[in-house]
Structure formats: C-alpha cells, structure tokens
Amino acid sequence: MSNTNILMTHIMPGRGCPFPCRFCASSQTQVQYRSGNNIRHELIHLIENYKIEGFSVVGNDFILNKGNVQDICDSIKDLNLSWSTLSRVDRVDPDILLRMKNSGCYELDLGVETGSQKILDAMKKKIDVSQIKKSLKMTHETGIKNKIFLIHGFPGENHETTMETINLLENVGHLIDRISLFRFVPLPGTYVYNNPNEYNLRGTLNSPNWDGDWGKFHIHHNHYHWWGNDNNFKVTNDSYEMLNKYIESKWPPKYEI
C-alpha cells in the first residue's frame, strides 16, 4: 500500500462492470455486490488469523453502487484498517469520499487513462478531462491520496495526444501521489481485439502477422507493435518514451506496480 509498511491483503467486494471501455477485458457487465456485513466477517477472520492491518480492493470499480459503498464503510469503520481502492473519476463525490476516509481509506486509484479527450472518446471511457481534474481535487481535499492509472498507445495515439496527457499532469500533478503507466495492449476479449479491421491491428489472432504467441498478451513492459504502420509505431514509441521520462522525473520510481 502506498508509502506504508503494514501487513495487508487483497479483497474483492464485487464482480462485474457495466461500462464499455474498449481496452478492458472484463466480460461481466452485470454487477454482483457483497454486503458490508459479509466483508466485515472476512476482514475479522483475516485480522484474527493473520493479523492484517489493512487491505487493498481488487477487481473492477469499487464505487458503482454508492449505497453498497456506504454499507461497506459503515460495517468496517470500527476495525481500524487502512485500505485502498479503485474508482472511475465520474463516480466520486465529497460525501462518499468522506465516508470512505472515515472508515480508513488511505488511497484511491483512479482510472484516468489519458489527458487527451480524443483518446478518451476513442476508448469509449465516457468521461471528460474536466471530470478528471475535479475528482483529483475532491479526493485530495478529503485527505485521501491519489494514484492514477494511465494507458499510452491506444489506436490513434500520437505526439499531440501524448502532450495533452503531459499538460494535464502539469496542471494537476500536485494532487497526485503515484502514477502507474501502462502501454496499450489489445487484450483478448476486448472490443479492440474483437474488431481488428476497425483498429488496423496486427499480431492478433484475426489480423496480419499473427505468430501464434499468446504469451505476449500481458500488460507489463509490453513493447509490441499492435496497430498501424511502421511510422505510427515509431511515433507511439517516441511519444511513450517522452511521457515515461516526464513521469519518472516528477514521480521517481519508489514502489512496485
């Protein structure tokens, strides 16, 4: 957990996500929620048997049903655990953030993805840049640390869209504690992967240059040429290096992703 040295674990408070982000491989659109009481029992078991001091939420967006979030926060508040979770930028508001903070939430991981409205729209993220700025400010003012996820190299990425991301970070960087930067990968099961012609994909099962290597579909340190021509690939690589260099200069690597 960010800048801490506590014994922690991971929990999954629900499954599924109704949003249509075209880079995401989550196939379950009907959301299943766990009750606050159910999660409380799990955490008590983990405290008593493993002496945990905190937890991190894994899975999809935590703040899908605010009533469910309130139930969870109210149910675990007296356990005095530090925890972190994930959210879309359009799901946060001051009331829910304060309730999370008061129940031990230490860090919120926000799916920002990019500072380019053009790329956000292409991703079908259904958010705008103004919502990104607003959510980061709200979280920071509540006293919860901001970590953001960025995805670089979605089809259409270029020097201009990369500069838009850098400009966003220049504007809101003082509100951000950590950044995880990933390179776009057309994960099997995503809309992009299933529509190779629409995105001029290469190297996937139903696109040119398929080499039969399923092992290359991973999100860490992925440098493969996924879409466009050689010039597109060069521009994407050069732009990624520019963004990565900027991030490392402002947020020097300290943690494992």
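Just above sits the structure.
Report follows, based on the coordinates. (Residues numbered from 1 in each chain as written. Predicted model: local features only at pLDDT ≥ 70, side-chain atom pairs only at ≥ 80, totals over all residues. Heavy atoms only, no water.)

## Describing the nonpolar core
In step 1: Leu43, Met100, Leu169 and Ile247 are the most contacted members of the largest nonpolar core, which totals 50 residues.
In step 2: Not counting residues up to four positions away in its chain, the partners in contact with Ile247 are Leu150, Leu169, Ile179, Leu181 and Pro252. (Core = buried A, V, L, I, M, F, W, Y, C linked by side-chain atoms within 4.5 Å. Buried < 20%, exposed > 50% of the residue type's maximum accessible area, 1.4 Å probe, protein only. Contact = heavy atoms within 4.5 Å.)

## Brief notes about helix H2 (residues 66-76)
In step 1: Within the span of H2, buried status applies to Asn68, Val69, Ile72, Cys73, Ser75 and Ile76. Seen end-on, H2 carries its buried residues on one side only, within an arc spanning 165°.
In step 2: Buried residues in H2 make contact with strand E3 (32-33), helix H1 (36-50), strand E4 (54-57), strand E5 (82-87) and helix H3 (94-102).
In step 3: A distance of 2.9 Å separates the backbone nitrogen of Gly67 from a side-chain oxygen at the start of H2, and that oxygen is part of Asn65. (Helix = DSSP H or I, 4+ residues; strand = E, 2+ residues; numbered from the N terminus. Arc of directions from axis to C-beta. Polar contact = N/O pair within 3.5 Å; in protein donor to acceptor, adjacent residues only side chain to side chain.)

## Let's talk about the sheet that holds strand E7 (residues 145-152)
In step 1: Ordered in space as E1-E4-E5-E6-E7-E8, the 6 strands form an open sheet in which the pairing is parallel. Two strands lie at the open edges of the sheet, namely strand E1 (8-11) and strand E8 (178-183), each paired on one side alone. Taken pair by pair, the neighbouring strands of this sheet meet at an average axis angle of 20°, ignoring direction.
In step 2: The strands touched by helix H8 (residues 230-250) within the sheet are E7 and E8, with E8 carrying the most contacts at an inclination of about 165°. (Pairing = 2+ DSSP bridges. Axes fitted to C-alpha atoms, helices over the stretch in contact; angles between N-to-C directions.)

## Overview of the layout of surface pockets
In step 1: Looking at the largest pocket, its volume works out to about 1400 Å³.
In step 2: Breaking the lining of the largest pocket down by element, the ones donating at least two residues are E1, E4, E5, strand E6 (105-113), E7, E8 and helix H7 (191-194).
In step 3: If you tally residues by element for the lining of the largest pocket, the top one is E6, at 4 residues.
In step 4: Class assignment of the residues belonging to the lining of the largest pocket gives a composition of 22 nonpolar, 14 polar and 10 charged. (1 Å grid on protein atoms, 1.4 Å probe; cavity = no way out; pocket = protein on both sides within 12 Å on 5 of 7 lines; lining within 4 Å. Points joined across faces, edges and corners; volume = space filled by probe spheres on them. Nonpolar A, V, L, I, M, F, W, Y, C, P; charged D, E, K, R; others polar.)

## Remarks on the state of the cysteines
In step 1: Counted by the stated rule, this structure contains 0 disulfides.
In step 2: Among the cysteines around Cys73, which has no disulfide bond, Cys105 carries the closest sulfur, lying 7.6 Å off.
In step 3: Under the relative-accessibility criterion, Cys73 is labelled buried at 1%. (Disulfide = S-S within 2.5 Å.)

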